[in-house]
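Chain by chain, the residues run as shown.
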Amino acid sequence: MMQCLSISPRADLIVKPRLLRHLSLILLFLLLVLGCGYAGYHISDRAGIRALAENGERQLELNARAVESEITKYTYLPSLLELEGNVSRLLLAPTAYRRHHVNQYLAGLNERSGSLAIYVLDPDGRVIATSNWEQADSYLGEDLSFRAYYQDAIEGRPGRFYGIGSTTGEPGYYLAHGLRDGKRIIGVAVVKVRLDALEERWQRALLEAYVSDENGIIILASDPMVRLKAVRPLDDATKERLARSLQYHWAALEELQLFNRSPLDDGIEQVSFATAGTPTNYLLQTRRLEDTPWHLTLLSPLQEQRSAAMIHGMLAAVAAALLAFLLIAWNERRKVIATRLAAREALQAANDELERKIAERTADLQASNERLQAEVREREQAETTLRKAQDELVQAGKLAVIGQMSTSIAHELNQPLAALRTLSGNTVRFLQRGALDVASSNLQNIGELVDRMGKITGSLRAFARRAGDSGEASLGQAVDAAVLLLHPRLQRTSMTIHRDYLHPEQDDVRLAIEQIRLEQILVNLISNALDAMRDQVDRQLWLSGSAEADCYRLEVRDNGPGIAPETRAHLFEPFFTTKPGEQGLGLGLTLSASLAAAAGGSLTVRHPDEGGTAFVLTLPYPREPQP
Ligand code: ADP
């Protein structure tokens, strides 16, 4: 519980900055995407509007020229009537005949020029002659002195006027000219033309445009709905004045509802207004028409351009998102590569460290190997020295045994020598007496005695000889040789030797040891048994052999007094002896054990319960010769 309490605040501290970092990254990403989207939209919108404005400018110019030429086409027409003498005459002295004549002339002229009507007003503003004199709604006799064009023309200014006919209710463009007689204005000639053709042309070209007059009233429009609407607010005085002038007949002159007007450039505005219910955005471009107080306005819908800008904005947002993802992916990849590089470097460092350690360890190993080799060499040297010493010891032991035996050997040799002396003396005497038989028998005995002495010295020589570690021995021969060597002692101290070692299937047992060495071991063991049993009457020695799995086991047991427990542990120690004076050197068992070990066998001691001592000699069999 304590642990939980102490750990949880730290976990919070670790988690929070990471969460905050992630959240701020997401926020940044969203801001970037939205920002780029907006920038894309804005730039595209700006460029789109600029392109639309440039195109609109051209369209405006073209259409303005078209409107101007349509209007100026008729400007000369009213002034033409000044040249017509009939018209002047009618104005100066009106008669029915003259009126009729002028009426016919005006009708013909109107037909040819394609205008709506051509008529002449007297100085009071009354229609004196007209092209439509024959029609029911003829202007003839009508007082048009209230019309602005009349007032301008009578004062010598060109009358230009758009209005709706007070008689016909038909909209038209009025061009008036003051007709002079000399310097005096005697009347006004008026031509009324229709401008519907322009509207039709705009409609066909799917162009949204209108022409507003000096009062701000739309007089021509591609959309009939906006016709006779005010493009700017009209104050009450103006409204009243216009109503009185009947310029627009009885039209309500409502204001054209323009929303969100925002001026972009000189003569360019961005507006939205509803024509058929839904408000639409337009680029509004206006240009004044030459020689008139009118303005041509072109409306370019912004819908398509706005959609394109929207798409561009979205594309920019998508591109930004893609770029951000690419950047994130690149960053992640960079991180992965950096981690991999760091791991590779760490691995390299670990590898270098390992190689350095291996080199160090190898050097150590080499050093210790050299040390070991030196030690091995030392050991080998020591072994050689030891072996040499052992050989020397063996030799010394043998010589010691021989030394020990020297008294008995001398005795052994002295006996036949004494016998030889006696026999040879007797033989000389028998030869002198001529007793050749006895002499010959004596000589034979002498020969036998010499043979025996030769055998004794031969075995002594063989015993004293140095021998090697390898070789092969016959157990039977070795026992015989040992017994022969110890014969003098055995004669003095009788001992029954029980031989129970022969191989059941063979006459002999072959063992892997030098013959002399085996003899030496046996001499030592038998001689020790003899020494131990010196003071007893019944002396028995059992030589019993048994074939083990991989070696031969020979037990040399006596019925002597056995070995005291306190001396048992020291038996195989060099120079350990219980024998008094110079009788014992304490090397016999040590040498015998080392000879057995050198041959790959062993020498141990057993203390039988029934008494006596048993030495157990194990030796390997000689190796079978390889085929
Ligand atoms: P040494 O014969 O010169 O004393 P050994 O090494 O041959 O030296 O013998 C060591 C001692 O072992 C002897 O002094 C003796 O006390 C004891 N020993 C050896 N063989 C026997 C035996 N068969 N019975 C009793 N004691 C023995």
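Note that the structure is a prediction, hence the values are computed from the model and not measured.

Caption draft 1: Molecular detail of the side chain of Thr-590. Here Thr-590 shows up in helix H14 (residues 588-598). A residue is classified by how much of its surface remains accessible, and Thr-590, at 16% relative accessible area, is buried. Here the side chain of Thr-590 touches Phe-572 through a polar contact of 3.3 Å, landing on its backbone oxygen. Within the structure, the side chain of Thr-590 is placed 3.3 Å from the backbone oxygen of Glu-573, a separation counted as a polar contact. Not counting residues within four places of it along the chain, the set of residues in contact with Thr-590 comprises Phe-572, Glu-573 and Pro-574.

Caption draft 2: Spatial organisation of the packing of aromatic side chains. This structure, assessed with the given rule, holds eight aromatic pairs. An angle of 85° between the planes, with centres 6.4 Å apart, marks the rings of Tyr-162 and Trp-294 as edge-to-face. In this pair, Tyr-162 is assigned in strand S3 (residues 159-164) and Trp-294 in the loop between strand S10 (279-288) and strand S11 (295-301), connecting sequence segments 132 residues apart. Accessibility classification places Tyr-162 together with Trp-294 in one group, the buried group. Through a chain of ring-to-ring contacts, the aromatic side chains of Tyr-149, Phe-161 and Tyr-174 assemble into a single cluster. One residue, Arg-147, lies across the ring of Tyr-174, its end atom 5.7 Å from the ring centre. The aromatic ring of Trp-542 is capped on one face by Arg-557, whose charged end is 4.2 Å from the ring centroid.

Caption draft 3: Highlighting the site of the ligand. As a structural note, the neighbourhood of the ligand is formed by 19 residues, with Asp-558, Thr-577, Thr-578, Lys-579 and Leu-585 the closest of them. At 2.4 Å from an oxygen atom of the ligand is found a side-chain nitrogen or oxygen belonging to Lys-579. One nitrogen or oxygen atom from the main chain of Leu-589 is found 3.0 Å from an oxygen atom belonging to the ligand. Expressed as a share of its isolated accessible area of 530 Å², the protein-covered part of the ligand is 92%. Here the shell around the ligand gets three residues from one element, more than from any other, and that element is helix H12 (residues 515-532).

Caption draft 4: The sheet that holds strand S6 (residues 208-212), seen in detail. The six strands are arranged S7-S6-S11-S10-S9-S8 in an open sheet whose pairing can be described as antiparallel. Every other strand in the sheet has two partners, leaving strand S7 (218-221) and strand S8 (259-265) as the edge strands with one partner each. Averaged over all pairs of adjacent strands, the angle between their axes in this sheet comes to 30°, without regard to strand direction. Contacting S6, S7 and S11, helix H6 (residues 196-204) crosses the sheet at an angle of about 45° to S7.

Caption draft 5: Spatial organisation of the sheet that holds strand S13 (residues 496-500). The strand order S13-S15-S16-S18-S17 describes an open sheet built from five strands, whose pairing is mixed. A single partner strand is all that each edge strand has here, and the edge strands are S13 and strand S17 (602-606). Geometrically, the sheet is characterised by an average inter-axis angle of 15° between neighbouring strands, direction not taken into account. Packed onto the sheet, helix H10 (residues 475-485) meets S13, strand S15 (540-547) and strand S16 (551-558) and runs at close to 175° relative to S13. Across the sheet, H14 touches S17 and strand S18 (614-620), and the angle it forms with S17 is around 130°.

Caption draft 6: Spotlight on the pattern of salt bridges. Evaluated as defined, the whole model comprises 23 salt bridges. Here Arg-287 and Glu-61 are joined by a salt bridge, their closest N and O atoms 2.9 Å apart. Pair noted here: Arg-287 is in strand S10 and Glu-61 is in helix H1 (residues 2-72), with a separation of 226 residues, a long-range link. Here Arg-287 falls in the buried class, since its relative accessible area comes to 16%.

Caption draft 7: Molecular detail of the UniProt feature "transmembrane region" (unreviewed entry) in the protein chain. According to UniProt, the positions carrying the feature "transmembrane region" (unreviewed entry) are residues 309-330. The span residues 309-330 shows a helical share of 100% and a strand share of 0%, and its end C-alpha atoms are spaced 30 Å apart.

Caption draft 8: Focus on the packing of H10 against H12. Direction vectors running N to C along H10 and H12 enclose 50°, while the axes themselves pass 8 Å from each other. Here H10 is positioned oblique relative to H12, judged by the angle of their axes. The two elements H10 and H12 cross, and the hand of that crossing is right-handed. Residue-level contacts link Leu-475, Gln-477, Ala-478, Val-479, Ala-481, Ala-482 and Leu-485 of H10 to Gln-515, Leu-518, Glu-519, Leu-522, Val-523 and Ile-526 of H12. Here the contact of H10 with H12 is composed, by residue class, of 10 nonpolar, two polar and one charged.

Caption draft 9: Focus on unusual backbone geometry. Positive phi, close to 55°, is recorded for Leu-206, a residue that is not glycine. Mapped onto the elements, Leu-206 comes out in the loop between H6 and S6. The exposure class of Leu-206 is exposed, given its relative accessible area of 76%. In this structure, Leu-228 is a non-glycine residue whose phi angle is positive, near 65°.

Caption draft 10: Main features of the nonpolar core. Leu-81, Val-120, Trp-202, Val-211, Tyr-248, Trp-294 and Leu-296 are the most contacted members of the largest nonpolar core, which totals 46 residues. Per-element tally for this core: the top contributor is H1, with five residues. Formed by 39 residues, the second largest nonpolar core is a distinct cluster that contains Leu-485, Val-509, Ala-529 and Val-556.

Caption draft 11: The arrangement of the packing of H12 against H14 in detail. Their axes nearest at 9 Å, the elements H12 and H14 cross at an angle of 145°. Of the two elements, H12 crosses H14, and the hand of that crossing is left-handed. Contacts between H12 and H14 involve Arg-517, Gln-520, Ile-521, Asn-524, Leu-525 and Asn-528 from the former and Gly-588, Leu-589, Ser-592, Leu-595, Ala-596 and Ala-598 from the latter.

Caption draft 12: Structural context of a nonpolar patch on the surface. A surface patch of nonpolar side chains, about 390 Å² in accessible area, is lined by Leu-19, Leu-23, Ile-26 and Leu-30. The residue Leu-19 is located in helix H1 in this model.

Analysis parameters
- Residues numbered from 1 in each chain as written.
- Predicted model: local features only at pLDDT ≥ 70, side-chain atom pairs only at ≥ 80, totals over all residues.
- Heavy atoms only, no water.
- Helix = DSSP H or I, 4+ residues; strand = E, 2+ residues; numbered from the N terminus.
- Buried < 20%, exposed > 50% of the residue type's maximum accessible area, 1.4 Å probe, protein only.
- Polar contact = N/O pair within 3.5 Å; in protein donor to acceptor, adjacent residues only side chain to side chain.
- Contact = heavy atoms within 4.5 Å.
- Phe/Tyr/Trp six-rings, centres within 6.5 Å; stacked < 30°, edge-to-face > 60°.
- Lys NZ or Arg CZ within 6 Å of the ring centre and 35° of its normal.
- Near = heavy atom within 4 Å.
- Areas by Shrake-Rupley, 256 points an atom, 1.4 Å probe, with all protein chains shown as cover.
- Pairing = 2+ DSSP bridges.
- Axes fitted to C-alpha atoms, helices over the stretch in contact; angles between N-to-C directions.
- Salt bridge = Lys/Arg side-chain N within 4 Å of Asp/Glu carboxyl O.
- UniProt positions renumbered as here; feature names shortened; annotations may be inferred.
- Parallel < 35°, antiparallel > 145°, perpendicular 65-115°, else oblique.
- Left-handed = near helix turned anticlockwise from the far one by under 90°.
- Nonpolar A, V, L, I, M, F, W, Y, C, P; charged D, E, K, R; others polar.
- Core = buried A, V, L, I, M, F, W, Y, C linked by side-chain atoms within 4.5 Å.
- Patch = residues over 30% accessible without salt bridge, like charges linked within 9 Å, V, L, I, M, F, W, Y side chains within 5 Å.

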